[in-house]
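# Topology and contacts: notes
Listed below, chain by chain, are the residues.
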Amino acid sequence: NGELELVFHLLEELGLAVKNIWLHSQLAANHEMMADVLRELSSACVVVSRDLAILHANKAARLMYARGKRGGELEFSDLPQALGGKVHQVLQTGSGIATFKHQPAETPGASHSVTIIPLTRAGATTPASVLLMVEDQTQSEQLRKLEIEAANLRLVKDMADRIAHEVGNAMVPLSTHQQLLGEKFRDAE
């Protein structure tokens, strides 16, 4: 009975180990899938830890902020000072900042929409890290401006058409009288 009991306990431990290995592989697969999703987003995604270390930066973030660096690794100091200050503020306060527009100094015509979200672990009062998401709105802003200009040009065209029509209406009696004056000039009446 003692040997049987020992085998039972060993098999129970072995079963727990197999279950933990399975859970670990699922967790690793989920982590890899999430990293792949973040990596392929067109928005720049940067995860910053409490000690201001970059835990994750996707391709878009490295292209946007790690220009000219060898290896393409992103450091906190690579972020613009305005964004770094807001990230630090969120890490200290633990409350997120509403989405805001940011115009980088190095690219004056660019317009970015920035969201900073604190990532807090269960039971913690301060965030363990912060997710910084930066979406380039430059093209959409330019398209919006072009749409407004096109609408204004259509409005001016409509106004010009209406004015031309009104001018034409005012000219009809004058041209009619001019024609009649030429024909009836010699008429005594």
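Just above, that's the structure.
So, here's what we can say about the structure. (Residues numbered from 1 in each chain as written. Predicted model: local features only at pLDDT ≥ 70, side-chain atom pairs only at ≥ 80, totals over all residues. Heavy atoms only, no water.)

### Section: the overall build of the protein
Looking only at helices and strands, the protein features four helices and five strands. Seen in sequence order, the protein has helices and strands lined up from the N terminus as α-β-β-α-α-β-β-β-α. A compact globule built from 189 residues would reach a C-alpha radius of gyration of about 16 Å, whereas the protein, at 35 Å, exceeds it by more than 25%. Principal axes of the C-alpha set define a box for the protein whose edges measure 145 × 40 × 35 Å. The buried share among the 189 residues of the protein stands at 25%. For the protein, contacts bridging at least 24 residues in sequence account for 37% of all contacts bridging at least 6. As displayed, the protein has an accessible area near 14200 Å², and 59% of this comes from carbon and sulfur atoms. Mean positive and mean negative side-chain charge positions of the protein (18 and 23 charges, respectively) differ by 7 Å. (Helix = DSSP H or I, 4+ residues; strand = E, 2+ residues; numbered from the N terminus. Rg over C-alpha atoms; globule rule 2.2 N^0.38 Å. Buried < 20%, exposed > 50% of the residue type's maximum accessible area, 1.4 Å probe, protein only. Contact = heavy atoms within 4.5 Å. Areas by Shrake-Rupley, 256 points an atom, 1.4 Å probe, with all protein chains shown as cover. Lys, Arg positive; Asp, Glu negative; His and termini not counted. Charge placed at Lys NZ, Arg CZ, Asp CG, Glu CD.)

### As for the side chain of His102
Mapping His102 onto the fold places it in strand E3 (residues 97-102). Excluding residues within four positions of it along the chain, His102 makes contact with Pro80, Ala82, Leu83, Ala110, Ser111, His112 and Val114.

### Some words on the pattern of salt bridges
Where charged atoms from two side chains of opposite charge approach closely, those side chains can pair. Counted under the stated rule, the structure contains three salt bridges. Where Asp161 meets Lys157, a salt bridge forms, and the shortest distance between an N and an O atom there is 3.2 Å. Taken as a pair, Asp161 and Lys157 lie in helix H4 (residues 138-183) at a separation of four residues, close to a single helical turn. Where salt bridges share partners, they join Lys101, Glu141 and Arg144 into one cluster. (Salt bridge = Lys/Arg side-chain N within 4 Å of Asp/Glu carboxyl O.)

### Overview of the nonpolar core
Val87, Ile116, Leu132 and Val134 are the most contacted members of the largest nonpolar core, which has 23 residues in total. Breaking this core down by element, the ones donating at least two residues are strand E1 (44-49), helix H2 (59-65), helix H3 (81-93), E3, strand E4 (112-119) and strand E5 (129-136). (Core = buried A, V, L, I, M, F, W, Y, C linked by side-chain atoms within 4.5 Å.)

### Brief notes about the sheet that holds E3
With antiparallel pairing, five strands are arranged side by side in an open sheet as E2-E1-E5-E4-E3. A single partner strand is all that each edge strand has here, and the edge strands are strand E2 (54-57) and E3. On average, each strand axis in the sheet is inclined to that of its neighbour by 20°, with strand direction left out of account. Pairing of E3 with E4 involves four bridges; the strand directions are antiparallel. The residue of E4 that forms the bridge with His102 is His112. Along the sheet, H3 contacts E1, E3, E4 and E5; its crossing angle with E3, the most-contacted strand, is approximately 175°. (Pairing = 2+ DSSP bridges. Axes fitted to C-alpha atoms, helices over the stretch in contact; angles between N-to-C directions.)

### Quick notes on a nonpolar patch on the surface
Together, Val7, Leu11, Leu14 and Val18 give the surface a local cluster of nonpolar side chains, amounting to about 370 Å² of exposed area. Of note, Val7 is situated in helix H1 (residues 2-40). (Patch = residues over 30% accessible without salt bridge, like charges linked within 9 Å, V, L, I, M, F, W, Y side chains within 5 Å.)

### Quick word on unusual backbone geometry
Unusually for a residue other than glycine, Leu52 sits at a positive phi of about 65°. Here Leu52 lies in the loop between E1 and E2.

### Digging into H4
Its 46 residues give H4 an end-to-end C-alpha distance of 66 Å, which sits within 8% of 68 Å, the value for a rise of 1.5 Å per residue. The sharpest bend along H4 reaches about 30° and sits at Met171, with the proline Pro173 one to four residues further on. (Expected span 1.5 Å × (residues − 1). Bend = angle between axes of the 7 residues up to and from the residue.)

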